[in-house]
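Survey of secondary and tertiary structure
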Amino acid sequence: MILQTGGHVSSYYVGIGLIGIWAISFTPVRFALSLVLTLIVYGTYILPIVFTETITDFRRFYTTNVFLIALLSSSIILRYYHLRSLVNELGFKYDLEENKIHLEHQVSDRTAKLSNSIALLQKEIVERERIELDIKKSSNEWRATFDSTTDAIMTLNTDYVVLRLNKAASLFFNQPFKDLIGTPLSQLFPLDFSQNAP
């Protein structure tokens, strides 16, 4: 067909170029196979001309082949970079999916740990509230016992200053509680205290 349309001087090379671009760009095959298809397409064009024809217009033949080779080569290069970018994109998507799964596992693990920590804190809060109630109850019982006794009782610090006293002690000294707290024992028992103090 090439020889029937004018051989090396025909514009048949444009059709060969389009077929080559189709073979390279749109055929869903591996890159190596599309390269082989391109060589077959180019061979279908060039071999009949080279083996059966005498080239009379070498400049046109050369220009046509340079154009055809440049067209097919650029299509092959574009296909290669397109496949490479597609592989990179798929690799990035795979890595992204793997990282997403890993992150979801981390979030799940940390959420479980956080839930456990919250449960422990709630348990500690309940336990602390129970202890505080027990302490309040014991304190109230102690205060009730401390205040209900008829004997005068005082608690002192190491400097013999009154820290706490019961109702009987307040009645004994005939002074209100607030006036007696912070008072040195030496003011309450001036003679006895100074003689017996260590």
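Our subject is the structure that appears above.
1. Things to note about the overall build of the protein chain
Secondary structure assignment for the protein chain yields seven helices and two strands. In the protein chain, the order of α-helices and β-strands from amino to carboxyl end is α-α-α-β-β-α-α-α-α. The buried share of the protein chain, taken over its 198 residues, is 21%. Intrachain contacts of the protein chain at a sequence separation of at least 6 include 45% that bridge at least 24 residues.

2. Examining the pattern of salt bridges
Any two side chains of opposite charge can pair if their charged atoms end up close together. For the coordinates displayed, the defined rule picks out three salt bridges. For Glu89, the salt bridge identified is with Lys93, shortest N-O distance 3.5 Å. Here Glu89 pairs with Lys93, and both are found in helix α3 (residues 58-148), just four residues apart, close to one helical turn. Residue Glu89 is classed as partly exposed on the basis of its relative accessible area of 41%. Arg130 serves as the salt-bridge partner of Glu127, at 2.5 Å between the closest nitrogen and oxygen. Of the two residues, Glu127 and Arg130 are both situated in helix α3; the distance of three residues between them amounts to about one turn of the helix. The partly exposed category is assigned to Glu127, whose relative accessible area is 36%.

3. Description of the packing of aromatic side chains
All chains considered together, the criterion is met by five aromatic pairs. For the ring pair Tyr80 and Tyr81, a centre distance of 5.3 Å and an interplane angle of 75° mean the geometry is edge-to-face. For Tyr81, a relative accessible area of 48% corresponds to the partly exposed category. Taking 4.6 Å as the distance between ring centres and 15° as the angle between the ring planes, the aromatic pair formed by Trp142 and Phe146 counts as stacked. With Trp142 and Phe146 both in helix α3, this residue pair falls four residues apart, about one helical turn. Following the ring pairs from residue to residue traces out a cluster consisting of Phe172, Phe173 and Phe189.

4. As for a nonpolar patch on the surface
A contiguous nonpolar patch, built from Leu33, Val36 and Ile40 and spanning about 260 Å² of accessible area, is present on the exposed surface. Following the sequence through the fold, Ile40 ends up in helix α2 (residues 31-52).

5. Here we look at unusual backbone geometry
Non-glycine residue Tyr160 carries a positive phi angle of around 60°. Judged by its relative accessible area of 34%, Tyr160 is partly exposed. Positioned with a positive phi, Asn174 is a non-glycine residue whose angle comes to about 55°. Considering the arrangement of structural elements, one finds Asn174 in the loop between α4 (167-173) and α5 (177-180). A relative accessible area of 70% places Asn174 in the exposed class.

6. So, the environment of Leu18
As for its placement among the helices and strands, Leu18 is situated in helix α1 (residues 12-25). The spatial distance from the C-alpha of Leu18 to the C-alpha of Val41 is 10.0 Å, given a sequence separation of 23 residues.

7. Some points on the packing of α2 against α3
With their axes 11 Å apart at the nearest point, α2 and α3 run at an angle of 170° to one another. Here α3 runs roughly antiparallel to α2, going by the angle between their axes. Contact residues: α2 offers Phe31, Ser34, Leu35, Thr38, Tyr42, Tyr45, Ile46 and Ile49, while α3 offers Phe61, Thr64, Asn65, Leu68, Ile69, Leu72, Ile76, Arg79, Tyr80 and Leu83. Partitioned by chemical class, the residues of the contact of α2 with α3 number 13 nonpolar, four polar and one charged.

8. Focus on α3
The end-to-end C-alpha distance of α3 is 130 Å, a good match for the 135 Å that 91 residues give at a rise of 1.5 Å each. All buried positions along α3 are accounted for by Phe61, Thr64, Asn65, Leu68, Leu72, Ser75, Ile76, Arg79 and Phe146.

Conventions and cut-offs
Residues numbered from 1 in each chain as written. Predicted model: local features only at pLDDT ≥ 70, side-chain atom pairs only at ≥ 80, totals over all residues. Heavy atoms only, no water. Helix = DSSP H or I, 4+ residues; strand = E, 2+ residues; numbered from the N terminus. Buried < 20%, exposed > 50% of the residue type's maximum accessible area, 1.4 Å probe, protein only. Contact = heavy atoms within 4.5 Å. Salt bridge = Lys/Arg side-chain N within 4 Å of Asp/Glu carboxyl O. Phe/Tyr/Trp six-rings, centres within 6.5 Å; stacked < 30°, edge-to-face > 60°. Patch = residues over 30% accessible without salt bridge, like charges linked within 9 Å, V, L, I, M, F, W, Y side chains within 5 Å. Areas by Shrake-Rupley, 256 points an atom, 1.4 Å probe, with all protein chains shown as cover. Axes fitted to C-alpha atoms, helices over the stretch in contact; angles between N-to-C directions. Parallel < 35°, antiparallel > 145°, perpendicular 65-115°, else oblique. Nonpolar A, V, L, I, M, F, W, Y, C, P; charged D, E, K, R; others polar. Expected span 1.5 Å × (residues − 1).

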